[in-house]
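Now for the letters of each chain:
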Amino acid sequence: MNLQSSHSNEMLNINLALAQYPVLSGRIRQQMRRELFSSGMIRPNEFENEVRMLAVQSQEREGLRNPYNEEPAEMWEVRVTRIRDHLTDVAFSQHFSFEDLERIISDVLGERGIDMVGLMLSLNPELAPLELVFEQALTIERMPEAERAKYEARLLETKVVLIRSLISDQLRYINVAKKWFSIADLQEIRMRKIGPGRIGGKAAGMLLAHRILSQVSSITRDTCLTTPESYFIGSDVFYTFMSINNLFGWNDQKYKTETEMRADFPKILKDFLDGEFRPDVLARFETLLDQVGKEPLIARSSSLLEDNFGTAFAGKYESVFLPNQGTRQDNIRAFTDGLRRIYASTLNPNALLYRRSRGLQDYDERMGVLIQTVQGEPFDQYFLPHGAGVAFSRNLYRWAPQIRREEGFVRLVWGLGTRAVDRVGNDFPRLIALSHPHLRPSTDAKSIRRYSQQYVDLIDLKENSFKTMPVVDVINANYEPLRYLAQVDEDGFFSSLRTRYISDENQKLVITFEELLRRTPFAERMREMLRLLEKNYEAPVDLEFTFSVHDDSQGKPELCITILQCRPQSQLQATAATILPYEPDPEDVVFETRFVVPEGYLEHVDYVVFVPPEEYYKLKSMNQRTDLARLIGRLNAALEKEKFICVGPGRWGSSNSDLGVPIDYGDIYHARALIELAGEKIGLPPEPSLGTHFFQDLLEAQIYPLAIHLDHPENIFRRKFFYETPDRLSEWVTEPPELATSLRLIRVHDYRPDSHLEIIMSDEKGVAVGLLRPNQPETRAL
């Protein structure tokens, strides 16, 4: 599919191309006019009349009252020549392609006996238009091997220029990408790009990961490795959209307060949704949709800052599923509305606050968009992949001591991967430690069923919509890969499907992926892919993917993995090694937990933000719970210069307020740790959010996630500290009366004078403890 640039872009390329040949530009333009006249598109007399008319008008703008007598003849000729050249370039860009211009240039150079190859090699790739940079690179690649060796440095320079112009200007990315991309790869990207600008970080990571793995990995011996059919909307289309719809007035949002950002965003979203695209850009969207047909699509944000080293922007910008099953007009409307939502998300308060916290507030962020066909297959009236997930090359939170962190882990779900990367409500992905694929965080049958996937995200082809449905309402015996995804719960014993499942009791089926892990090389292949990507990225990575598994003619499973996204993995910074006191004084222990503990140390914590579980669940409406989240956000801003942690019920950041406080990243990014309380008394199980977008936010912000299972006999939670210490909330923010008992701010000094909280986390021992320490300097045990 060839998605060419607009006339204005073609015009710029013509000007840049002719600038490379200043001595011959007159002769080249003469030939351009000859082709215009001979084609019958423009008549010579009419063309010259327009040249003179515009020349006179330009004189009048300069205040010349008698144009023919007040200007020297030589100046008049310069004026006419410049206008004639400009009109030639405009007309040629409207009626001919850049390839036609290259042919004319080649003919003129041939007339002069000039060596085209030598001239092409003399071009400065930093100044030449992309077409000529590509031509220079191809000229070098077509040379015999012995001659080409002399120009390898120039070839590398052109490759860097093309990567920087088409994909990303991030230096760490360029340093890796220049080793892997060929000129043919870059040409393919350009042919699939709509509009000027770069394709952005998300698209860049997907393309680079696939290029690395397809070149150096042995995975393809028994596993197919693919990427989705993809198209790219250049980041400058976003800029043009804002310009023609007068949206630049919202650009100062990044400098406003959080309260102002949140108040303005509904109006911003409306303004973007009311915006229009340029007709030539809209025509290209229509061409794309016509060629794709009825395949479901996803439009994914791919901003210039996204998925870079240290700034993943995980989940900050929108991605929109497009079922694409309506009429042509309906599909185009849904497509453009999806793009408008993605563009508006650049001004989402959570994205702006994230940029502020990462020191990127002043960057001129622009949004590219990655358009991909959704990976999957039809099943009944639905469309979904056999499985999807996110894989990490480093396992930062081990749930058993034998797990090797350097071999990574995976979050895996049936259906679309949204349930693997988002922190959804009452649902659980399969967590797989790649060093020990069959070792679960919970091993008893009751826990396996409870922590299994209950809902599936899919596209309903009949209703032309994205849906979340109960697993039992979708899965059945006719689903081809069923044996690899599910097991049967036989009264506490899980049996795999050796033959066709003939029962109609779908509620007995439990998504475990056990047979996928036993009968296919899935874990081994993911481990190898992550190792190779980490080695070549020179940093840990995370990878979003889908997979399919089909039986061949002999009944052997054939595995296929599709790469959706790859980026550097967020990590907690290493801290000085800290050894827990052998037997801390029990009176000094505020809390202790042994549930999925990271390695780390927090010193001199002076404040604790505490949401009492009992009071939280007295808030019956979603609005009240959202108001509480915004109150925590205001407290977070007020405590910016203090060291504090947050403690509360269930899953912080859950989309389901029954399972935890529905905060956003912007509400807690100054905190040093986020502690989740779980247990039967609260009605919530502990569930590590490893690998979700929210989890990525915590790691990037160096916020330690911890969980305390209140029912576990080895864990400690000192209620007197949390419930009886005076509440200082009103000294920092004004709380609404209805939320007065739902949030407490504890100053450690009030519980024990002249003391602070010290939090020691040991991955090796699998324990984290919060200890009271005196404020005076004291040497820690090392």
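This section reports on the structure supplied with the text. (Residues numbered from 1 in each chain as written. Predicted model: local features only at pLDDT ≥ 70, side-chain atom pairs only at ≥ 80, totals over all residues. Heavy atoms only, no water.)

A word on the overall build of the protein chain
Spelled out, the test is: Each helix corresponds to a stretch of at least 4 residues labelled H or I by DSSP, and each strand to a stretch of at least 2 residues labelled E; elements are numbered beginning at the N terminus. Accessibility here uses a 1.4 Å probe with only protein chains present; expressed as a share of the type maximum, an area under 20% marks a residue as buried, one over 50% as exposed, and anything in between as partly exposed. Contact criterion: two residues are considered in contact whenever any of their non-hydrogen atoms come within 4.5 Å of each other.
Along its length, the protein chain carries 29 helices and 28 strands. Counting every position in the protein chain, which comprises 782 residues, the buried fraction comes to 56%. Here the analysis covers contacts within the protein chain between residues at least 6 apart in sequence; of these, 76% occur between residues at least 24 apart.

Points about the state of the cysteines
Condition: Only a pair of cysteine sulfur atoms within 2.5 Å counts as a disulfide in this structure description.
Going through the model one piece at a time under the given rule, you end up with 1 disulfide. Sulfur-sulfur distance for the disulfide between Cys 224 and Cys 560 comes to 1.8 Å. Here Cys 224, found in strand 2 (residues 223–226), pairs with Cys 560, found in strand 18 (residues 557–568); they are 336 residues apart in sequence, far enough to count as distant. Judged by relative accessible area, Cys 224 falls into the partly exposed class, the value being 33%. A residue is classified by how much of its surface remains accessible, and Cys 560, at 14% relative accessible area, is buried.

What to know about the packing of helix 3 (residues 44–61) against helix 5 (residues 73–95)
Under the convention used in this document: Each axis is a line fitted through C-alpha atoms, taken for helices only over the stretch in contact, and angles between the N-to-C directions span 0 to 180 degrees. Each angle is binned into one of four classes, with values under 35 degrees roughly parallel, values over 145 roughly antiparallel, values of 65 to 115 roughly perpendicular, and all other values oblique. A crossing counts as left-handed when the near helix is turned anticlockwise from the far one by less than a right angle, and as right-handed when that turn is clockwise.
It is at 9 Å that the axes of helix 3 and helix 5 come closest, and there the two elements cross at 125 degrees. Judged by the angle between their axes, helix 3 and helix 5 are oblique. Judged by the twist between their axes, the crossing of helix 3 over helix 5 is right-handed. Contacts from Phe 47, Glu 48, Glu 50, Val 51, Arg 52, Leu 54, Ala 55, Val 56, Ser 58 and Gln 59 of helix 3 reach helix 5 at Trp 76, Arg 79, Val 80, Ile 83, Arg 84, Leu 87 and Thr 88.

Points about the environment of Gln 402
By secondary structure assignment, the location of Gln 402 is in the loop between strand 9 (387–392) and strand 10 (409–413). The partly exposed category is assigned to Gln 402, whose relative accessible area is 41%. Between the alpha carbons of Gln 402 and His 436 there is a distance of 8.2 Å; along the sequence they are 34 residues apart. For Gln 402, the residues in contact, after removing those within four places along its chain, are Ser 435, His 436 and Leu 439.

Things to note about the packing of aromatic side chains
Our working rule: For Phe, Tyr and Trp, rings pair up if their centres lie within 6.5 Å, where Trp contributes its six-membered ring, and each pair is then called stacked (planes under 30 degrees apart), edge-to-face (over 60) or tilted (otherwise).
Counted by the stated rule, this structure contains 25 aromatic pairs. Ring centres 5.7 Å apart and planes at 70 degrees place the aromatic pair Phe 37 and Phe 47 in the edge-to-face group. Of the two residues, Phe 37 sits in helix 2 (residues 25–38) while Phe 47 sits in helix 3, which places them 10 residues apart along the sequence. According to the relative accessible area criterion, Phe 37 is partly exposed, its value standing at 25%. The class of Phe 47 is buried, set by a relative accessible area of 4%. Consider the rings of Phe 522 and Phe 545, whose centres lie 6.0 Å apart with planes at 50 degrees: the pair is tilted.

Here's the deal with helix 12 (residues 183–191)
To keep it simple, the criterion reads: Note: the arc covers the axis-to-C-beta directions of the helix.
Among all positions in helix 12, only Ile 183, Leu 186 and Ile 189 are buried. Around the axis of helix 12, the buried residues are gathered within 115 degrees of arc, so they sit on the same side. Against the buried residues of helix 12 lie helix 8 (130–141), helix 10 (152–166), strand 1 (193–194), helix 13 (201–216) and strand 3 (230–233).

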